[in-house]
Amino acid sequence: AQTVTQSQPEMSVQEAETVTLSCTYDTSENNYYLFWYKQPPSRQMILVIRQEAYKQQNATENRFSVNFQKAAKSFSLKISDSQLGDTAMYFCAFRAASGTYKYIFGTGTRLKVLA
Amino acid sequence: GAVVSQHPSRVICKSGTSVKIECRSLDFQATTMFWYRQFPKQSLMLMATSNEGSKATYEQGVEKDKFLINHASLTLSTLTVTSAHPEDSSFYICSASASNYNYGYTFGSGTRLTVV
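Below, the structure is looked at part by part. Just so it is clear, the structure is predicted and the values come from calculations on it, not from any experiment.

**Structural notes on the overall build of chain A**
Logical step 1: When helices and strands are counted, chain A shows zero helices and twelve strands.
Logical step 2: Overall, chain A shows an N-to-C arrangement of helices and strands of β-β-β-β-β-β-β-β-β-β-β-β.
Logical step 3: Compactness check: chain A gives a C-alpha radius of gyration of 14 Å against a globular reference of 13 Å for 115 residues, within 12% of the reference.
Logical step 4: The 115 residues of chain A split such that 48% are buried.
Logical step 5: Sequence-distant contacts in chain A: of pairs separated by 6 or more residues, those separated by 24 or more amount to 55%.
Logical step 6: Accessible surface computed for chain A: about 5600 Å², of which carbon and sulfur atoms make up 47%.
Logical step 7: Taking the average place of the 12 positive charges on the side chains of chain A and the average place of its 9 negative ones, the gap between the two points comes to 6 Å.

Set out below in structure tokens:
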């Protein structure tokens, strides 16, 4: 069975600084997808970034980038130039490329951006 | 982009009554929808996977007779909490995937259910 671990329950960062959220996972699958979702106080889940396991190149979306280490089963999220609006709960999610297609979520990291 | 509408956003019901939550994909056909439950400051717990035109697949420990899921069309799935009790009070979220689901699922805005 797949598992996703987020070892940082809470983090804080000063506005304009950079922060990295960690995520590790365990799977025997070779082909899968990884996602970071953001859940602000409104509780709306918002897709931040996605990564296909078969791609070696790390995904980037504006200020958000990932460090995907397939051998180490690590998928960290880097937020550059942090903004107050980045304050939210961040969830790492795994989805196999075949089978049930359901997400396996981590326990989340609560990020607070300080002014 | 893909939009999922979830209604109601908040509902209060009396213990013993039933409440229905709707999840609609507005601009795409959702072959699969997922229903989650989220407790305060916790992660999302998958309750069931709903496929259009077939019975939902429930996760272990989820009472299928209590949480009725219907996915009668490619744009609508409903979750009915039957004979609700205070312990059913929670935040319920749906998500939907189109045929090209590799881009990630879209989530509804959630429903806060309070059973009194």
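**Quick look at the sheet that holds strand β7 (residues 67-73) of chain B**
All names here are of chain B.
Logical step 1: Spatially, four strands are ordered β1-β3-β8-β7 in an open sheet, and the strand pairing comes out antiparallel. Looking at strand neighbours, the two that pair on one side only are β1 (4-7) and β7, the edges of this open sheet. Adjacent strand axes in the sheet meet at a mean angle of 15° when their direction is disregarded.
Logical step 2: Summarising the sheet, β1 and strand β3 (residues 19-25) pair through four bridges and their orientation is antiparallel. Paired with valine 4 across the two strands is serine 25, which belongs to β3.

**Remarks on the environment of leucine 68 of chain B**
Logical step 1: With respect to the helices and strands, the residue leucine 68 of chain B is situated in strand β7.
Logical step 2: Note: C-alpha distance between leucine 68 of chain B and glycine 16 of chain B (52 residues apart in sequence) is 15 Å.

**Describing the pattern of salt bridges**
Residue and element names in this part refer to chain B.
Logical step 1: A full pass over the atoms with the stated rule returns seven salt bridges over all chains.
Logical step 2: Note that glutamate 22 is salt-bridged to arginine 24, the shortest N-O span being 3.5 Å.
Logical step 3: The salt bridge involving aspartate 88 is made with lysine 66; its shortest N-O contact spans 2.9 Å. In this pair, aspartate 88 is assigned in the loop between β8 (76-81) and β9 (90-97) and lysine 66 in the loop between β6 (57-58) and β7, connecting sequence segments 22 residues apart.

**Side note on the state of the cysteines**
Logical step 1: Following the criterion strictly, the structure yields two disulfides over all chains and no others.
Logical step 2: A sulfur-sulfur separation of 2.0 Å characterises the disulfide bridge that pairs cysteine 23 of chain A with cysteine 92 of chain A. Its torsion about the S-S bond being -70°, the disulfide of cysteine 23 of chain A and cysteine 92 of chain A is classed as left-handed. In this pair, cysteine 23 of chain A sits in the loop between β3 (19-21) and β4 (24-26) while cysteine 92 of chain A sits in strand β10 (residues 88-96), placing the two residues 69 residues apart along the sequence. Each member of the pair, cysteine 23 of chain A together with cysteine 92 of chain A, is buried.
Logical step 3: The disulfide bridge from cysteine 23 of chain B ends at cysteine 94 of chain B, spanning 2.0 Å between sulfur atoms.

**Some thoughts on the interface of chain B and chain A**
When the parts come together, some accessible area is lost, and that loss is often what is quoted as the size of the interface.
Logical step 1: At the junction of the two partners, chain B supplies 21 residues and chain A supplies 20 residues.
Logical step 2: When the two sides are added together, the surface that chain B and chain A hide from each other amounts to roughly 1800 Å², 50% of it contributed by carbon and sulfur.
Logical step 3: The tally of links between chain B and chain A comes to one salt bridge.
Logical step 4: Across the pair lysine 102 of chain A and glutamate 59 of chain B runs a salt bridge, and its minimum N-O distance is 3.0 Å.
Logical step 5: Seen at the junction of chain B and chain A, the total is nine residue pairs in polar contact (both at pLDDT 80 or more).

**Concerning the pairing of strand β8 (residues 64-69) of chain A**
Residues and elements named next belong to chain A.
Logical step 1: Both strand β7 (residues 60-61) and β8 contribute to a ladder of two bridges, which runs antiparallel. What sits directly across from glutamate 61, in β8, is phenylalanine 64.
Logical step 2: In textbook terms, the turn of a hairpin is the stretch between consecutive antiparallel strands, and for β7 and β8 this stretch comprises two residues, one of which, asparagine 62, has a positive phi near 55°.
Logical step 3: Sheet analysis places β8 next to strand β9 (residues 74-79), joined by six bridges and oriented antiparallel. In the strand pairing of β9, glutamine 69 is matched with serine 74.
Logical step 4: Linking β8 to β9, which pair antiparallel, is a turn of four residues; within it lysine 73 sits at a positive phi near 55°.

Definitions and cut-offs
Residues numbered from 1 in each chain as written. Chains lettered and ligands numbered in written order. Predicted model: local features only at pLDDT ≥ 70, side-chain atom pairs only at ≥ 80, totals over all residues. Heavy atoms only, no water. Helix = DSSP H or I, 4+ residues; strand = E, 2+ residues; numbered from the N terminus. Rg over C-alpha atoms; globule rule 2.2 N^0.38 Å. Buried < 20%, exposed > 50% of the residue type's maximum accessible area, 1.4 Å probe, protein only. Contact = heavy atoms within 4.5 Å. Areas by Shrake-Rupley, 256 points an atom, 1.4 Å probe, with all protein chains shown as cover. Lys, Arg positive; Asp, Glu negative; His and termini not counted. Charge placed at Lys NZ, Arg CZ, Asp CG, Glu CD. Pairing = 2+ DSSP bridges. Axes fitted to C-alpha atoms, helices over the stretch in contact; angles between N-to-C directions. Salt bridge = Lys/Arg side-chain N within 4 Å of Asp/Glu carboxyl O. Disulfide = S-S within 2.5 Å. Buried area = accessible area lost by both parts, 1.4 Å probe. Polar contact = N/O pair within 3.5 Å; in protein donor to acceptor, adjacent residues only side chain to side chain.

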